[in-house]
Amino acid sequence: MKRTHIPVLAGELIDLLDLDRNPPALTAIDCTFGGGGHAELIAERLGPEGTLIGIDRDPLAEERFEELAGEVACTVRFIHASFAEALEQLAEEGQQADIVYFDLGMSSMQVDTRERGFSYSYEAPLDMRMDPGQELSAREIVAEWDERRLAHALRDFGEERRAGAIARAIVRRRARAPIETTVELVDTINSAIPAPARFAGGHPAKRSFQALRIAVNDELGQLDRGLPLAWELLREGGVLAGISFHSLEDRRVKRFLTERARGCICPPEMPVCGCGREAEAALLARRAIMPSAGEVAHNPRAGSARLRAARKLAASPGGAA
């Protein structure tokens, strides 16, 4: 399969999974297949007795998966769905896995497919749907959500400090004419930001575009549902890993894994544990793993990436884990 994008933190992910030391017949679930960069590297190491399950709601990802399927020795399966729905389906089937990983956010192929409208860097219709078959798009949000709801979305999903001003500018402009393209939206955002501040922290539309994309695709809701589902699918000794590209995702992954790695929660002054809580997980790195300077130089999109992972521990007899 010809790679069309560079998988971020791929070497670090492979090292954490420690595939070369694991027994054969492993099952790996790629929850966000995208261009298949991580999946290709993992499938090569699973061997003929292993299984790779790819999940994505983007039909372009399914095309890439079909290419990969013809080139690897392991058993393969693709599920065309959002990862929360797909993981629910796998749980209902009784599927178990040794590896489950997420490469969150949008894929390079989505950014680079200009007509999808994910980028503020060139003109395209306002869209931003990861699944082109769904009804809600960025155009509808910009056209129909009231000022208060828009401001909340920009603030909550984009951490945009000028959310109120941008929401007001959107409402004013759409009253004159519909906002239908990325360029029209960028112009509207620029009009709400004082000139000296427009490029102080990167492109002035970056946070707003992130917020709209997250809202369109319910990305944080998917993650909140998907993490516990993925954990339940893991066998004892299995690894759950997440690569995040902004703080909203990373905080969720960190909180989820840290909670499962926490053991006794009794006050320190208690001589004997009374809560009976045992750790369910062992963190595979004390801190988030970040890309090297060399990787960022080679692939600037990797700059904000953070990798976290944990191994599922065996429950002790009669324990709470």
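Scroll up a little and you will see the structure.
Here's what I pulled together on the structure shown here.

Conventions we followed
- Residues numbered from 1 in each chain as written.
- Predicted model: local features only at pLDDT ≥ 70, side-chain atom pairs only at ≥ 80, totals over all residues.
- Heavy atoms only, no water.
- Axes fitted to C-alpha atoms, helices over the stretch in contact; angles between N-to-C directions.
- Helix = DSSP H or I, 4+ residues; strand = E, 2+ residues; numbered from the N terminus.
- Left-handed = near helix turned anticlockwise from the far one by under 90°.
- Contact = heavy atoms within 4.5 Å.
- Nonpolar A, V, L, I, M, F, W, Y, C, P; charged D, E, K, R; others polar.
- Pairing = 2+ DSSP bridges.
- Phe/Tyr/Trp six-rings, centres within 6.5 Å; stacked < 30°, edge-to-face > 60°.
- Buried < 20%, exposed > 50% of the residue type's maximum accessible area, 1.4 Å probe, protein only.
- Lys NZ or Arg CZ within 6 Å of the ring centre and 35° of its normal.
- Core = buried A, V, L, I, M, F, W, Y, C linked by side-chain atoms within 4.5 Å.
- Parallel < 35°, antiparallel > 145°, perpendicular 65-115°, else oblique.
- Disulfide = S-S within 2.5 Å.

The subject of this paragraph is the packing of helix α1 (residues 10-17) against helix α2 (residues 37-46). Running from N to C, α1 and α2 point in directions that differ by 35°, and their axes come no closer than 10 Å. Handedness of the α1/α2 crossing: right-handed. Contacts between α1 and α2 pair A10, L13, I14 and L17 from the former with H38, L41, I42 and R45 from the latter. Looking at the contact of α1 with α2 residue by residue, the classes come out as 6 nonpolar, 1 polar and 1 charged.

In space, the 7 strands of this open sheet follow the order β3-β2-β1-β4-β5-β7-β6, with mixed pairing throughout. Each edge of the sheet is formed by a strand with only one pairing partner; in this case those strands are β3 (75-80) and β6 (281-283). Averaged over all adjacent pairs, the angle separating strand axes in this sheet is 15°, with direction ignored. Here helix α12 (residues 247-261) sits on the sheet in contact with β5 (234-244), β6 and β7 (306-312), set at roughly 25° to β7.

Before going further, it helps to examine the packing of aromatic side chains. Enumeration according to the criterion identifies 6 aromatic pairs in this entry. With centroids separated by 5.1 Å and ring planes inclined at 70°, the aromatic side chains of F33 and F65 adopt a geometry described as edge-to-face. Of this pair, F33 sits in the loop between β1 (27-30) and α2 while F65 sits in helix α3 (residues 59-69), placing them 32 residues apart in sequence. Across the pair, F65 and F33 agree in class, each one buried. Residues F65 and F78 carry aromatic rings whose centres are separated by 5.2 Å and whose planes lie at 45° to one another, so their mutual orientation is tilted. Here the residue F65 occupies a position in helix α3, and F78 occupies one in strand β3, the gap between them amounting to 13 residues. Assigned by exposure class, F65 and F78 land together as buried. One cation-aromatic arrangement involves R149 over W145; the distance from NZ or CZ to the ring centre is 3.7 Å.

Ranked by size, the top nonpolar core spans 33 residues in total, and within it L19, I42, L46, L52 and Y101 carry the most contacts. Elements represented by at least two residues in this core include exactly α1, α2, α3, β4 (97-103), β5 and β7. Setting aside chain neighbours within four positions, we find I42 in contact with L13, I14, L17, L19, A28 and Y101. Within the second largest apolar cluster, 29 residues are counted, among which are F118, L154, A163 and A205.

As a further point, take the environment of L136. With respect to the helices and strands, the residue L136 is situated in the loop between α5 (108-112) and α6 (138-144). Placed 81 residues apart in sequence, L136 and N217 show a C-alpha to C-alpha distance of 8.3 Å. Among residues more than four places away in sequence, those in contact with L136 are R129, I141, A215 and V216.

Let us look at the packing of helix α8 (residues 163-176) against helix α9 (residues 182-191). Two numbers describe how α8 lies on α9: the axes approach to 8 Å, and their chain directions differ by 125°. Taken together, the axes of α8 and α9 are oblique relative to one another. Crossing handedness for the pair α8 and α9: right-handed. Of α9, the residues touching α8 (which contributes I166, A169, I170 and R173) are E184, L185, D187, T188, I189 and S191. Looking at the contact of α8 with α9 residue by residue, the class counts come to 5 nonpolar, 2 polar and 3 charged.

Cysteine pairs can be linked by a disulfide, which is a covalent bond between their two sulfur atoms. Considering all chains together, one arrives at 0 disulfides under this definition. In this structure C31 is not part of a disulfide, and its nearest cysteine sulfur, from C74, lies 16 Å away. Overall, the relative accessible area of 2% leaves C31 in the buried class.

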